[in-house]
Amino acid sequence: MKNISRKILLNPGPATTTQTVKEAMVVEDICPREKDFGKMLDSIKDDLVKIVHGVDTHHAVMFTASGTGGLEAAITSAVPKGKKILVVENGAYGTRMVKLAETFNIEVVRYQLTYGDYPDLDQIESLLKNNVGISHLAVVHHETTTGMLNPVQKICDLAHQYNAEVIVDCMSSYAGIPIDITKWDAEYLISSSNKCIQGMPGLVFVIFKKHLLEKIKDTKRSFYFDIYNQFTGFEKTGQMQFTPPVQVAYALRTAIDEYFIETESGRWNRYEENYTILFEGLASLGFEFLLPDHQQSKILLAIKEPAFPNYSFDSMHDYLYERGFTIYPGKGAKEATFRLSVLGDLHKKDIEDFLKCLEEYLFKIKTLKN
Ligand SMILES: Cc1ncc(COP(=O)(O)O)c(C=O)c1O
């Protein structure tokens, strides 16, 4: 395969992938209705559950979509008609779940916070206590808007006390931050093929408690994103109902193999080391951060837009982009920020090279004549 130049993506996915994941997409043509392909998908499904230690308790189902498709599948399949969903909304992805539920006329109880504020468990409890008919609570594990790691374990415990099932958006944490779904006891977890699992975009998956399958059989709000139909259809035929992204699935198979070779702790340690180098390097260049340390996911940093003379996000972006580094703008956090993420196939030297390049940019704007 031709040598593809390596770009350092510091946006939070689609992530920098390994050469071998890229190569895995170049396969002989195959009809996705063939048994060989079905077996491969089945092995992916099993491994997706293994990654969060839920083999005995949870199933996985895949859809052809970006991450939002998986949220749509979980919310529209899970919440029974006439029931409500409580959404913890402290970032743009919490708000996305609110909008999604409202689109399907599902009644939403919003726990609305400024983007970047930490959820208060007492307030969640009083919303659960004072609203009759909440059957589900939805929360984002790693809120990619700000880099905040929400307290999912505590939120799950609380929701269960009030008989609410929990839907956790783990889009940008799954396969990066170690998760044990049996400890959380979460009913639904959603992630996609292109973030910490380090595959290509195009597949999303919902991991859900096995016993819920019968319960959601008749909910039926969506034709395409119906968990019951998609899961049972695959069990019967070994095929996805609708055309799967064949090459993306092969890439995901390889990405999962590489995850198991690196190991859960190996991946987390690499991300954490990259994060620490990035954090310390940025701090020494004079940048400040949106969140206090103890709220950080250590996968993404929201960095306050600096007041350096001649600075602009666009000029910094373009300078870095031309040199192989992609950075990411902010997304409505409580202060103006830009974002840098360490998720993906990134290594110590990549982060060090990035910091050098950033330093060059800062030197350049400092010496500009106004
Ligand atoms: C926390 C979170 N939820 C959901 C999504 C899904 O977005 P998309 O549909 O663009 O993949 C993302 C993507 O960045 C995310 O970070």
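Computed from a predicted structure; not experimentally measured.

Draft legend 1. Summary view of the layout of surface pockets. Considering only enclosed or pocket space, the largest pocket measures out at about 340 Å³ in volume. Lining of the largest pocket is provided by 23 residues; of these, Gly67, Tyr93, Arg96, Met171 and Lys195 occupy positions nearest its centre. Secondary-structure elements contributing two or more residues to the lining of the largest pocket are helix 3 (67–78) and helix 4 (92–103). When residues of the lining of the largest pocket are assigned to their parent elements, the largest contribution, 3 residues, is made by helix 3. Residues of the lining of the largest pocket, tallied by class, amount to 8 nonpolar, 10 polar and 5 charged.

Draft legend 2. Spatial organisation of the nonpolar core. Core analysis: the biggest nonpolar cluster contains 91 residues, and Tyr174, Leu282, Phe354 and Leu358 have the highest contact counts within it. Looking at this core, the element that brings in the most residues is helix 10 (residues 246–262), giving 9 residues. When neighbours within four sequence positions are excluded, Leu358 is seen to be in contact with Leu282, Leu285, Phe287, Met316 and Leu320. By size, the runner-up hydrophobic cluster in this structure holds 34 residues, among which are Val61, Ala73, Ala74 and Phe231.

Draft legend 3. The environment of Leu358, seen in detail. Examined against the element boundaries, Leu358 turns out to sit in helix 13 (residues 348–366). Using a relative accessible area of 1% as the deciding quantity, one classes Leu358 as buried. Placed 38 residues apart in sequence, Leu358 and Leu320 show a C-alpha to C-alpha distance of 7.1 Å.

Draft legend 4. A look at the sheet that holds strand 4 (residues 107–112). Read from one edge of the open sheet, 7 strands run 2-10-9-8-5-3-4, paired in mixed fashion. Single-partner strands in this sheet number two, and they are strand 2 (58–64) and strand 4. For this sheet the average axis-to-axis angle between neighbouring strands, irrespective of direction, equals 20 degrees. Bridge count for strand 3 (residues 84–89) against strand 5 (residues 134–140) is 4 bridges, and the pairing is parallel. Looking at the pairing, Leu86 lines up with Leu137 of strand 5. Against the sheet, helix 3 touches strand 2, strand 3, strand 5, strand 8 (165–169), strand 9 (188–192) and strand 10 (203–209), its axis set at about 160 degrees to strand 9.

Draft legend 5. Looking closely at the site of the ligand. Around the ligand, the surrounding shell consists of Ser66, Gly67, Thr68, Leu71, Tyr93, Arg96, Val140, His142, Thr144, Asp169, Met171 and Lys195. Here an oxygen atom of the ligand sits 2.6 Å away from a polar atom, N or O, in the side chain of Thr144. At 2.6 Å, a side-chain N or O of Asp169 approaches a nitrogen atom of the ligand. Counting atoms within 2 Å of the grid points, the majority share of the ligand lands in the largest pocket. Of all elements in the fold, only helix 3 and helix 4 reach the threshold of two or more residues within the shell around the ligand. Here the shell around the ligand takes 3 residues from helix 3, the largest share from any one element. A class-by-class count of the residues in the shell around the ligand yields 4 nonpolar, 5 polar and 3 charged.

Draft legend 6. Structural context of the packing of aromatic side chains. For the coordinates displayed, the defined rule picks out 15 aromatic pairs. Judged by centre distance (5.9 Å) and plane angle (75 degrees), the ring pair of Phe287 and Phe338 falls under edge-to-face. A residue pair is termed long-range when its members are at least 10 positions apart, and Phe287 in the loop between helix 11 (264–284) and strand 11 (300–304) and Phe338 in strand 14 (residues 337–341) qualify at 51 residues. Relative accessible area serves as the criterion here: at 4%, Phe287 is assigned to the buried category. Phe338 gets classed as buried once you look at its relative accessible area, which sits at 1%.

Draft legend 7. Focus on the pairing of strand 10. With respect to burial, strand 10 is a largely interior element, 7 of its 7 residues being buried. In this structure, strand 2 lies alongside strand 10, joined through 7 bridges in antiparallel fashion. Bridged to Ala60 within strand 10 is Ile207. In terms of strand pairing, strand 9 meets strand 10 through 5 bridges, oriented antiparallel.

Rules and cut-offs
- Residues numbered from 1 in each chain as written.
- Predicted model: local features only at pLDDT ≥ 70, side-chain atom pairs only at ≥ 80, totals over all residues.
- Heavy atoms only, no water.
- 1 Å grid on protein atoms, 1.4 Å probe; cavity = no way out; pocket = protein on both sides within 12 Å on 5 of 7 lines; lining within 4 Å.
- Points joined across faces, edges and corners; volume = space filled by probe spheres on them.
- Helix = DSSP H or I, 4+ residues; strand = E, 2+ residues; numbered from the N terminus.
- Nonpolar A, V, L, I, M, F, W, Y, C, P; charged D, E, K, R; others polar.
- Core = buried A, V, L, I, M, F, W, Y, C linked by side-chain atoms within 4.5 Å.
- Buried < 20%, exposed > 50% of the residue type's maximum accessible area, 1.4 Å probe, protein only.
- Contact = heavy atoms within 4.5 Å.
- Pairing = 2+ DSSP bridges.
- Axes fitted to C-alpha atoms, helices over the stretch in contact; angles between N-to-C directions.
- Near = heavy atom within 4 Å.
- Polar contact = N/O pair within 3.5 Å; in protein donor to acceptor, adjacent residues only side chain to side chain.
- Sits in = over half its atoms within 2 Å of the grid points.
- Phe/Tyr/Trp six-rings, centres within 6.5 Å; stacked < 30°, edge-to-face > 60°.

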